[in-house]
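A structural walkthrough
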Amino acid sequence: MALASAVKVVLGSIAFAIFWVLAVFPAVPFLPIGRTAGSLLGAMLMVVFRVLTPDQAYDAIDLPILGLLFGTMVVSIYLERADMFKYLGMMLSWKSKGAKDLLCRICLISAISSALFTNDTSCVVLTEFVLKTARQHNLPPHPFLLALASSANIGSSATPIGNPQNLVIAVQSKISFGNFLIGILPAMLMGVFVNALILICMYWKLLSIQKDEEDVAVEVFSQEEMNAHRFSPATLSHNSQDFSRLELMAVQSPHPHEWEPGPC
């Protein structure tokens with residue numbers, strides 16, 4: 001295979017650098033176009049700089065993978081509209097036996113939902129319920145948000161639809177869904193267990209504090225607000241104003257306990 005010329009390498013690196021900046025920092029002041037448009041801009045620059053020919057660029061588009069991703073997102077949106085994630089959120093605090101039990105539940109539910117609905121969908125939708133549950137139980141949210149994020153990434157490895165990387169591997173290697181699941185599931189379950197154990201050890205002192213009575217004066221979200229708080233597949237985020245309010249409430253929530261992690 002012939003090496004590309006130095007000019008193509010430099011121009012390709014410039015196009016990739018522009019894409020990388022826009023992907024990592026979607027609100028760049030001089031070009032606030034977001035991740036999606038930034039990806040398209042990077043691809044367009046590859047053709048404009050003649051790093052790739054138009055035919056090569058078209059051949060790089062994998063329509064089966066894009067179609068499967070689109071179908072997965074549509075199904076996820078339908079299940080979210082049907083309040084599937086609301087019931088998953090209710091399971092977080094149903095007959096909860098304390099903070100450690102709540103953290104383990106978050107790890108398990110996050111892992112399972114991300115394997116079925118993609119990790120992006122699970123994190124974006126379940127964050128709302130994790131914040132609400134932690135606030136109602138007068139607990140700082142950050143251990144539980146860490147459990148949600150880390151377990152979602154671990155759980156998404158179990159199925160081809162858990163994340164786009166798995167989908168590329170499964171489609172190009174022609175591994176069936178069942179074989180993929182059987183091969184990865186044991187490692188995924190072990191990863192979730194180890195992840196929960198590490199988080200419990202990190203926050204043992206905080207999670208061992210006896211749960212206070214729920215603060216009835218704490219503002220909770222109404223059913224209308226929860227129904228309006230919908231997942232957007234185009235931006236992979238909720239309404240920014242609502243999400244900012246959730247974060248602000250989590251940070252400013254008064255709490256009598258220390259937030260530093262304690263030893264095991």
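Everything that follows concerns the structure shown earlier in this document.
Every chain is numbered on its own, with residues counted from 1 as its sequence reads. Local features in this predicted model are restricted to residues whose pLDDT is 70 or higher, and side-chain atom pairs enter the listing and the counts only when it is 80 or higher, whereas totals over whole chains, interfaces and linings include all residues. Hydrogens are left out, water is left out, and the side-chain values use all remaining heavy atoms of the structure.

**A look at the overall build of the chain**
Formally: A helix here means a DSSP run of H or I that spans at least four residues, while a strand means a run of E at least two residues long, and both kinds are numbered starting from the N terminus. Accessibility here uses a 1.4 Å probe with only protein chains present; expressed as a share of the type maximum, an area under 20% marks a residue as buried, one over 50% as exposed, and anything in between as partly exposed. Note on contacts: a residue pair qualifies if any of its non-hydrogen atoms lie within 4.5 Å across the two residues. Note on areas: Shrake-Rupley, 1.4 Å probe, and residue coverage restricted to the protein chains presented here.
When helices and strands are tallied, the chain shows 13 helices and 0 strands. Burial status across the chain gives 36% buried among its 264 residues. The long-range share in the chain, meaning contacts at least 24 apart out of those at least 6 apart in sequence, stands at 70%. For the chain, the exposed area adds up to about 15500 Å²; of that, 69% sits on carbon and sulfur atoms.

**Concerning the side chain of N195**
In this structure, N195 sits in helix 10 (residues 177-202). On the basis of relative accessibility, which here comes to 12%, the residue N195 falls in the buried class. Dropping the residues within four chain positions of it, N195 is found in contact with C107, A147, S150, S151 and I154.

**Some details on the nonpolar core**
Worth spelling out the cut-off: As used in this record, nonpolar core signifies buried Ala, Val, Leu, Ile, Met, Phe, Trp, Tyr and Cys residues forming a set joined through side-chain atoms within 4.5 Å.
L103, I106, C107, F144, A147, L199 and L207 are the most contacted members of the largest nonpolar core, which has 26 residues in total. Mapped by element, the contributors of at least two residues to this core are helix 6 (99-117), helix 7 (119-136), helix 8 (142-155), helix 10 and helix 11 (204-208). The leading source of residues in this core is helix 6, at 8 residues. Excluding residues within four positions of it along the chain, L207 makes contact with A99, K100, L103, F144 and I200.

**Observations regarding the packing of helix 1 (residues 6-24) against helix 2 (residues 34-48)**
The line we're drawing: To define axes, lines are fitted to C-alpha atoms, for helices over the stretch in contact only, and angles between the resulting N-to-C directions are given on a 0 to 180 degree scale. An angle counts as roughly parallel when it lies under 35 degrees, as roughly antiparallel when it exceeds 145, as roughly perpendicular when it falls between 65 and 115, and as oblique in every other case. Under this grouping Gly is polar, as are all residues other than the nonpolar Ala, Val, Leu, Ile, Met, Phe, Trp, Tyr, Cys and Pro and the charged Asp, Glu, Lys and Arg.
Taken N-terminus to C-terminus, the directions of helix 1 and helix 2 make an angle of 175 degrees; their axes are 8 Å apart at the nearest point. In terms of their interaxial angle, helix 1 and helix 2 are classed as roughly antiparallel. Here G12, A15, F16, I18, F19, L22, A23 and V24 of helix 1 lie close against helix 2, whose contacting residues are G34, R35, G38, S39, L41, G42, L45 and M46. Taken together, the residues that form the contact of helix 1 with helix 2 break down as 10 nonpolar, 5 polar and 1 charged.

**Thoughts on the packing of helix 6 against helix 10**
What counts here: Each crossing is labelled by how the near helix is turned from the far one, with a counterclockwise turn of less than a right angle marking it left-handed and a clockwise turn marking it right-handed.
Between helix 6 and helix 10, the least distance of the axes is 10 Å, while the angle of their chain directions is 150 degrees. One way to sum up the angle between helix 6 and helix 10 is to call them roughly antiparallel. As for how helix 6 packs across helix 10, the hand of that crossing is right-handed. Only M188, V192, N195, A196, L199 and I200 of helix 10 make contact with helix 6, whose side of the interface consists of K100, L103, C104, C107, L108 and A111. Residue composition of the contact of helix 6 with helix 10, by class: 10 nonpolar, 1 polar and 1 charged.

**Side note on a nonpolar patch on the surface**
Stated precisely, the cut-off is as follows: Patches here are clusters of residues that have more than 30% relative accessible area and form no salt bridge, with a 9 Å joining cutoff for like charges and a 5 Å cutoff for nonpolar side chains (Val, Leu, Ile, Met, Phe, Trp, Tyr). The term salt bridge refers to a pairing of a side-chain nitrogen on Lys or Arg with a carboxyl oxygen on Asp or Glu at a separation within 4 Å.
Judged by side-chain polarity, M190, F193, V194, L197, I198 and M202 come together as a nonpolar surface patch covering roughly 560 Å² of accessible area. With respect to the helices and strands, the residue M202 is situated in helix 10.

**With respect to helix 8**
Going by this rule: One less than the residue count of a helix, multiplied by 1.5 Å, gives the span that helix is expected to have. Think of it as the arc spanned by the lines of direction from the helix axis to the C-beta atoms.
With 14 residues, helix 8 should cover 20 Å at 1.5 Å per step; its first-to-last C-alpha distance of 20 Å lies within 8% of that length. Taken as a whole, helix 8 has its buried residues at P143, F144, A147, L148, S151, A152 and G155. End-on view of helix 8: buried residues confined to an arc of 160 degrees, all on one side of the axis. The inward-facing, buried residues of helix 8 abut helix 6, helix 7, helix 10 and helix 11.

None of this, on its own, says anything about what the molecule does.
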